[in-house]
Amino acid sequence: MFLSKRANGIYYFFWKDDDGRRQKVSKHQRRHGDALKFIAQWTREKKDKEKKTTSVTLSKFITEYIAYSRSVHAPNTTHTMISSFNELMAHTGDRSLRNISERMLEDFICVKLTKFTAHTAKRHYVSLHSAFQTAVRWKYLAENPLAAVAKPKLKEKNPAYFTRPEISALMNAINDSVMKDMCICAINLGLRLSELLALRFVDIDWDRKLVYVQNSPGFTTKSRRNRTVPMNSAVLTVLERRYAMTECELVFHRNREKLKLHTVSHQFKKCVIRAKI
């Protein structure tokens, strides 16, 4: 550690962090006495923070946090966390978690805003903010370094809805019976794609004409809460027909195998393009 005066007359304090990298800090003092007072105060505060936390590398924290995430988050959330961590690791390198500064994270978010979209930047921001907040709770950090970084803002858009003519055009553009049945149920029940793919015949109350969207061993709802959705005659007709022609517990499947979300989403977009919506 040493104090140095630059050519502009401002004092800078240099030291080595936990990773052995040289760092510097300054309050732009021009008087030697003021610079020494700042160093004394800054050093005390730094030591106090280090006493309250345990030093851990970014890679070690990632390993621990992903294991934790798999036990408490939905698979898609954990996948997003892994993606954000990989991007952050490529940006900062593996270093002590305490040495990831607000400036580094601000640069990271700015790069995502510049090279990609505000949606991508916000997704990384939300994931990392949550992870760093857990690091504070685990006593790896004294404070969340992302707390002082502005969250990327998205442009507000009006909700997009299919009109009746567009629904008719979409149905005419779908040649696959499974996809057509899924669209009928999605439109009339208002279910998410993941909820449709996880729907089982045991989740249907035929007498009361209700569909139970509920957590199961292989599926967790987005809110982690169960809900009940009434079905109309169009949905009832589809479900009764599919129940009569299959022995699989899943309502929508191919050869008794669960459909993949990304595959179905891609196929649906192709149908929308064909329908010229």
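Residues numbered from 1 in each chain as written. Predicted model: local features only at pLDDT ≥ 70, side-chain atom pairs only at ≥ 80, totals over all residues. Heavy atoms only, no water.

## Examining the nonpolar core
One recurring pattern in soluble globular proteins: nonpolar side chains tend to sit buried together. M182, C185, L189, M231, L239 and F252 are the most contacted members of the largest nonpolar core, which totals 29 residues. Elements with a minimum of two residues in this core: α6 (164–173), α7 (177–189), α8 (193–198), β5 (210–213), α9 (233–244) and α10 (261–274). Looking at which element gives the most residues to this core, the answer is α7, with 6 residues. Beyond its immediate chain neighbours, meaning those up to four positions away, L239 contacts C185, F201, I204, W206, V211, M231 and V251. (Core = buried A, V, L, I, M, F, W, Y, C linked by side-chain atoms within 4.5 Å. Buried < 20%, exposed > 50% of the residue type's maximum accessible area, 1.4 Å probe, protein only. Helix = DSSP H or I, 4+ residues; strand = E, 2+ residues; numbered from the N terminus. Contact = heavy atoms within 4.5 Å.)

## Here we look at the pairing of β5
Of the pairings in the sheet, the one linking strand β4 (residues 204–205) to β5 comprises 2 bridges and is antiparallel in character. When the sheet's bridge partners are listed, D205 is paired in β5 with L210. Hairpin geometry of β4 and β5 is characterised by an intervening segment of 4 residues between the two adjacent antiparallel strands and by a positive phi of about 55° at K209. The pairing of β5 with strand β6 (residues 227–230) spans 4 bridges and is antiparallel. Counterpart to V213 in the pairing with β6 is R227. (Pairing = 2+ DSSP bridges.)

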